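Analysis of the macromolecular model
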Amino acid sequence: MMPTTAERETLDAVIAAALARFSPGEGPVFTAAVLRGDEVLALSANEVSERCDASRHAEIVAIETASRKLGSTKLDGCTLIASMQPCEMCLAAMRWAGIDRLVFAMTQELAPTFFQFPNLTIADYARACDHAFDWHGGLGAERLNQIYRGEA
């Protein structure tokens, strides 16, 4: 899968949002967007600390925002775009919403400490759902090293 021009532009915006929100010593920032065609339906950041809710990952917030905007929980034909490869919970939410494309920057291989099930890869998830989604990861990952890998 090759990302579209709109997906690449939205990923750039997602990366820029993560970099803008990052403050050294305050922990990582995760950002995500939902794109339908050329329209960004949502661009969100994680709300875990602010809401005291471990489930408020950026992808979940973006999916919720896009669903409210469309008035539907069905996001078929949309792309989820994230600063970090989505975790296991976010991949499941993506599939429940019917999202079938995924583009992300930082990968599990480059920043494994953020995954609760490190032996399960994104390829495992794709196989488990009979390849119901396409993905492209690693695009722009080097721009996020300071956030996710602790490299200044």
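You'll find the structure just up there.
Here's a quick rundown of the structure. (Residues numbered from 1 in each chain as written. Predicted model: local features only at pLDDT ≥ 70, side-chain atom pairs only at ≥ 80, totals over all residues. Heavy atoms only, no water.)

1. What to know about the overall build of the protein chain
In terms of regular secondary structure, the protein chain is built from six helices and five strands. Ordered by position in the sequence, the α and β elements of the protein chain form the string α-β-β-α-α-β-α-β-α-β-α. Compactness check: the protein chain gives a C-alpha radius of gyration of 14 Å against a globular reference of 15 Å for 152 residues, within 12% of the reference. For the C-alpha atoms alone, the extent of the protein chain along its principal axes is close to 40 × 35 × 30 Å. Counting only residues that meet the buried cut, the protein chain has 45% of its 152 residues in that class. Considering only intrachain contacts with a sequence separation of at least 6, the fraction spanning at least 24 residues in the protein chain is 62%. When the accessible surface of the protein chain is summed, it comes to about 7600 Å², and 52% of that surface belongs to carbon and sulfur atoms. Of the charged side chains in the protein chain, 13 are positive and 20 negative; the average position of the first set lies 4 Å away from that of the second. (Helix = DSSP H or I, 4+ residues; strand = E, 2+ residues; numbered from the N terminus. Rg over C-alpha atoms; globule rule 2.2 N^0.38 Å. Buried < 20%, exposed > 50% of the residue type's maximum accessible area, 1.4 Å probe, protein only. Contact = heavy atoms within 4.5 Å. Areas by Shrake-Rupley, 256 points an atom, 1.4 Å probe, with all protein chains shown as cover. Lys, Arg positive; Asp, Glu negative; His and termini not counted. Charge placed at Lys NZ, Arg CZ, Asp CG, Glu CD.)

2. Notes on the state of the cysteines
A disulfide bridge is the covalent bond that connects two cysteines by way of their sulfur atoms. All chains considered together, the criterion is met by zero disulfides. No disulfide involves cysteine 52; its sulfur sits 18 Å from the nearest other cysteine sulfur, which is in cysteine 90. Taking relative accessible area as the criterion, cysteine 52 reaches 74% and is therefore assigned exposed. For the unlinked cysteine cysteine 78, the closest cysteine sulfur is that of cysteine 90, found at 16 Å. When its relative accessible area of 0% is taken as the criterion, cysteine 78 is described as buried. (Disulfide = S-S within 2.5 Å.)

3. Let's talk about the environment of proline 118
Here proline 118 shows up in the loop between strand 4 (101-106) and helix 5 (122-128). The class for proline 118 is partly exposed, based on a relative accessible area of 48%.

4. Structural notes on the pattern of salt bridges
As enumerated under the stated definition, the model contains nine salt bridges in all. Each of Glu47, Arg51, Arg56, Glu64 and Arg68 takes part in salt bridges that share partners, so that together they form one network. (Salt bridge = Lys/Arg side-chain N within 4 Å of Asp/Glu carboxyl O.)

5. Looking at the sheet that holds strand 5 (residues 134-137)
Taken together, five strands build an open sheet; the order of strands is 2-1-3-4-5 and the sheet is mixed. The sheet is open, and its two borders are formed by strand 2 (39-45) and strand 5, each paired with just one other strand. Direction aside, the axes of adjacent strands within the sheet are offset by 15 degrees on average. Relative to the sheet, helix 1 (residues 5-21) contacts strand 1 (31-36), strand 2, strand 3 (78-84) and strand 4, its axis offset from that of strand 1 by approximately 155 degrees. Contacts between helix 3 (residues 58-70) and the sheet are confined to strand 1, strand 2 and strand 3, with strand 2 contributing the most and set at about 140 degrees to the helix. (Pairing = 2+ DSSP bridges. Axes fitted to C-alpha atoms, helices over the stretch in contact; angles between N-to-C directions.)

6. A few points about the nonpolar core
In this structure, Val34, Ile99, Leu102, Leu144 and Tyr148 are the most contacted members of the largest nonpolar core, which totals 42 residues. Dropping the residues within four chain positions of it, valine 34 is found in contact with Glu39, Val40, Leu41, Ala42, Ala62, Ile63, Ala66, Cys78, Thr79 and Leu80. (Core = buried A, V, L, I, M, F, W, Y, C linked by side-chain atoms within 4.5 Å.)

All quantities given are derived from atomic positions and should not be read as evidence of function.
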